[in-house]
Each structure stands twice: as C-alpha cells, then as structure tokens.
Amino acid sequence: MKSIQDICRVEYEGPESRNPLAFRHYNPSELVEGKSMRDHLRFSAAYWHTMRGSGADPFGVGTMKRPWEGPVDNVENACNRVRIFFDFCEKMQMPFYCFHDRDVAPEGDSLAQTNKNLDDVVKVFKEEQERTGIKLLWGTANLFGNPRFVHGAATSCHADSFAYAAAQVKKALEVTLELGGQGYTFWGGREGYMCLWNTDMKREMDHLAAFMHMAVDYAKEIGFKGQFYFEPKPKEPTKHQYDFDTAACVNFLRAYGLQDYVKMNIETNHATLAGHSVEHELEYAGMQGFLGSIDANSGDMLLGWDTDQFPTDIYMTTKIMLTLMKYGGFTTGGLNFDAKVRRESFEPIDLFYAHIGGMDAFAKGLKIAAEIRKTGELADMVAKRYASWDSGIGAEIEKGTQNFKTLEAYMLAKGDVDETQSGNQELYENVVNRYIF
Ligand code: XUL
Ligand code: CO
C-alpha cells in the first residue's frame, strides 16, 4: 500500500492522458478569460476529511488505512500529520486548505491545555505554509463533536455551552489570524432543534446572532480582516438547522444586522438536502450580494443524507462556474473540497484519485462555462425571453412610473395580453449540451 510520501506530484498531461495520477483538464497556469485556472478555481483541501476521515459509519468502525493516525492522538503525532498533509497539498498543486480547531490538535484535560495543544500544532502549520506557499482559505471551530455541545453551542439551552463555544471561537479566530486565513466559517453544527416542544426558538436565534456579533467584534479588536461565512444546511445532525438555506441565512443576517460582515459558504450537498440545486443557492446568494465561498462536493440522488462525495458531474461543475463567473468570481472564497472518499476506498492513493477527479471536473466545467459566456448564445436567449421589459410598458414598470391604476387603464384600453411565447426548456437544454459534448 502506498502512502502519500510514496506518490509523485500530480502534473497536467492534457485530455489525452491515460495516467490516473495526472490532471487532464486542470492546468493551473492556463488562462481562461484572461485569468489563470488557479485563480478562478482557488481549490482547497479539507483537513477534516482528508487527514481525519476514518470511514466510520453507524454500522461499523473506521476502515481507512492512515499511517499518519498513529496509535495515540498526541501533539507530536498531530504535528507529523500536518507535514504529511502539506506534502499531499503540494503534490496535488492545491493552493489552499481549511480546518476546524479540533481536526488539527487533540483536546486536553482543560481548555487551557487544549489551547496550548492547538498553539503547538499551529506552529507547524505556519512553518509548512512558509515552506510551501500554501494558504489558509478559512478556519473554523468544531462546536458539535464534544458532548458539552449536545444541545448546540450558541443556541444551547445551557448558558455554559455558549460560553465555552465563545472561548473556542475566540481562540479559533486568533489562530486563523496567526495563519493569515482569508476567512472564517460558521457552520451550524448542532444549532437547531430536534423537538419544538422543548425549544424556545426565538431565544436560541437571538443567542446565535449575539454570538456572531461577538465574533465580528472580536475580529475587529484583534485585526482579523478575513471574510466571515455562514454555511447553510437544513438538517443533520438536528432535524431542523437554523442555517437552513441561503434565503433563511440571508434573512437571519439582515434581521440581526450582520449583513455587512457575513457572506455565504454554499455546499452542494447541503443545497440538495434543502430541496434546492447548488446553482439555485449560488444564484440566490449572488443576486443578494452574499456569494462568498463554496464547499465543493455532491450528494447521491438515491441517498437522503449528507454523503459528501467528490464532485464529478460535469453539468454541475459547469453550472457552478457559470453562476460564479456571472457574479464576478471569487474574491476571498474558493472551492473547498468538503468531500470524503467512500468507506470502501480506504487506501491513501484514493485521496489522490478523488481530488484529481474533483479538480478536473471543475477545470472542465470552467472551460465549458467560459465557452458559453464567449458566444453569449444562452444569455441572448434569456434576454430575448424578457424583451417585453426593455421598452414600452415593461420598461415603465421597471422605472417605477406605473401603478395599479395606470396599469388597469393600460389593460382596459388594450383588452388582453399580447400572445405569450413558449419557454423552450428543451431547446435550452440542447443548447447547453452542445457545449458539453
Ligand atoms: C458539515 C460541514 C462542515 C462545515 C465546516 O456538514 O459541511 O464540515 O463545512 O464546519
Ligand atoms: Co461544509
């Protein structure tokens, strides 16, 4: 069995390559619309899945063969693991990574000891960042794994859990700043409810907002200028997560005065759990000015939970890139592979195959999206569909010079609407397919 150290750097070999450890589409320096693929895609590896994923499921213990886990979870081992992770990222030409505080360093017997463990490991992250030039896309805190968060963290019925979570995020922000992180993500964890009978929803959501305000205030105090993200997910682990989908999150942020500080981190599989497509979530975030970053993965149409699979569907990556480019692409965000290899794919080499597949699918999606944008064919078709708004009564409504009374007068004079036209959905689908194959 090969471990990460035994595998060579993955290079771009072009679409004809049959080498399973080469990129066929991801060519980091290749320019698309005048910008390198590296800068369009801003790929990131997720420490929790890549280094710590064990393959455990409710029916069995972990299956992953991970030489870097070692027999005990101590700081020394945690430091070695960081070096192996950077070796992996270098070989994958991965410019960014993301982590939770508890993925990278073991908890100690007290908060003080836990913080010290984290500091010790963060030193190695810093060394490895300097050695390789790989950067931290965003940091986050695990506020869901430990039993102290059984009722949630910021939305717990127990004030001490809130206080512990606050201490934890304070430290996570300091560490993210120390590592030059470009962002910080709030994902709900257990912020939601299992049963409304025992839940004071208003109080819990007020607390969540207070918590996020404290984070924003502390970030200002220490000079952390990275972007905050809110990551929607409708359910799992709780029956109802408060960060349900982009629309719910945007409403929450605006209702509590957080809209200037927090953007969205949208995850494909979370979107589908909410009954949306990822492009719906991206479009919604984009049009509201909240599009920040993406957790790139995919679900399984036949399974109803967060399977976090690597994205390989070219339609999906094309749609993601098209929407992202429509809203100007990433600034601080990136495509973070919040994805895990299957329980049955237990060798380290599977991590390479998985990331290569995801990166190539996005690189190809980027190229197809750029072609679609270049001809403008699709955009023109959509524009024509809305042509009645460009002049006459439509333009006047958009300008705000009409009201119910004037519109009634207009219709009474006209009698009925002009003939409407077909939506031609199948034609649109065929046009897109022409770019795909
Ligand atoms: C959970 C999930 C998290 C967040 C970070 O479903 O996506 O890994 O991305 O806490
Ligand atoms: Co995620």
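Residues numbered from 1 in each chain as written. Chains lettered and ligands numbered in written order. Predicted model: local features only at pLDDT ≥ 70, side-chain atom pairs only at ≥ 80, totals over all residues. Heavy atoms only, no water.

*Asks:* Please clarify how the coordination of the cobalt ion (ligand 2) should be interpreted in this entry.
*Replies:* Metal coordination angles in their ideal form are 109.5 degrees for the four-donor tetrahedron and 90 or 180 degrees for the six-donor octahedron. Listed as protein donors to the cobalt ion (ligand 2) are E231 (OE), E267 (OE), D295 (OD) and D338 (OD); their distances from the metal cover 1.9 to 2.1 Å. Coordination at the cobalt ion (ligand 2) comes from six donor atoms whose angles at the metal span 80 to 171°, giving a geometry best classed as octahedral. Along the chain, the residues that donate to the cobalt ion (ligand 2) are spaced as E-x35-E-x27-D-x42-D. Placement of E267 in strand β12 (residues 262-267) and of D338 in the loop between β14 (335-337) and α12 (348-375) is noted, with a sequence separation of 71 residues between them. (Donors = N, O, S within 2.8 Å, 3.2 Å for Na, K, Ca; no water. Tetrahedral: all angles 85-135°; square planar, octahedral: opposite > 155°, others 65-115°. Helix = DSSP H or I, 4+ residues; strand = E, 2+ residues; numbered from the N terminus.)

*Asks:* Help me understand the site of ligand 1, please; the structure alone is not making it clear to me.
*Replies:* Ligand 1 sits among W48, H100, W138, W187, E231, K233, E267, H270, D295, D306 and D338. Within the side chain of K233, an N or O atom sits 3.0 Å from an oxygen atom of ligand 1. Isolated, ligand 1 exposes 290 Å² of accessible area, and the fraction of that covered by the protein chains is 93%. Residue composition of the shell around ligand 1, grouped by class: three nonpolar, two polar and six charged. (Near = heavy atom within 4 Å. Polar contact = N/O pair within 3.5 Å; in protein donor to acceptor, adjacent residues only side chain to side chain. Areas by Shrake-Rupley, 256 points an atom, 1.4 Å probe, with all protein chains shown as cover. Nonpolar A, V, L, I, M, F, W, Y, C, P; charged D, E, K, R; others polar.)

*Asks:* What's the story with the packing of aromatic side chains in this structure? I'm lost.
*Replies:* For any pair of aromatic rings, the description rests on two quantities: the centre-to-centre distance and the angle between the ring planes. One pass over the full model with this rule turns up 26 aromatic pairs. Judged by centre distance (4.7 Å) and plane angle (70°), the rings of Y47 and F85 are edge-to-face. You can see Y47 sitting in helix α2 (residues 47-50) and its partner F85 sitting in helix α3 (residues 75-91), a full 38 residues away along the chain. Take Y47: its relative accessible area is 0%, and that puts it in the buried class. Summarising the aromatic geometry, the rings of Y184 and F186 are spaced 5.4 Å apart at their centres and angled 75° between planes, so their arrangement reads as edge-to-face. An aromatic cluster of three or more residues is present, and its members are F23, Y26, F43, F310, F337 and F362. Here the basic side chain of R148 rests over the ring of Y164, its NZ or CZ set 3.8 Å away from the ring centre. (Phe/Tyr/Trp six-rings, centres within 6.5 Å; stacked < 30°, edge-to-face > 60°. Buried < 20%, exposed > 50% of the residue type's maximum accessible area, 1.4 Å probe, protein only. Lys NZ or Arg CZ within 6 Å of the ring centre and 35° of its normal.)

*Asks:* I keep staring at the nonpolar core and nothing clicks. Help me out?
*Replies:* Note on soluble globular proteins: their nonpolar side chains tend to be buried together. Counting 104 residues, the largest nonpolar core has L41, F228, F230 and M321 as its most contacted members. Here this core gets 11 residues from one element, more than from any other, and that element is α12. When residues no more than four places from it in sequence are discounted, the contact partners of F228 are L173, Y184, F186, A215, V216, A219, Y261, V262 and K263. In this structure, I372, L378, M381 and V431 belong to the second largest nonpolar core, which totals eight residues. (Core = buried A, V, L, I, M, F, W, Y, C linked by side-chain atoms within 4.5 Å. Contact = heavy atoms within 4.5 Å.)

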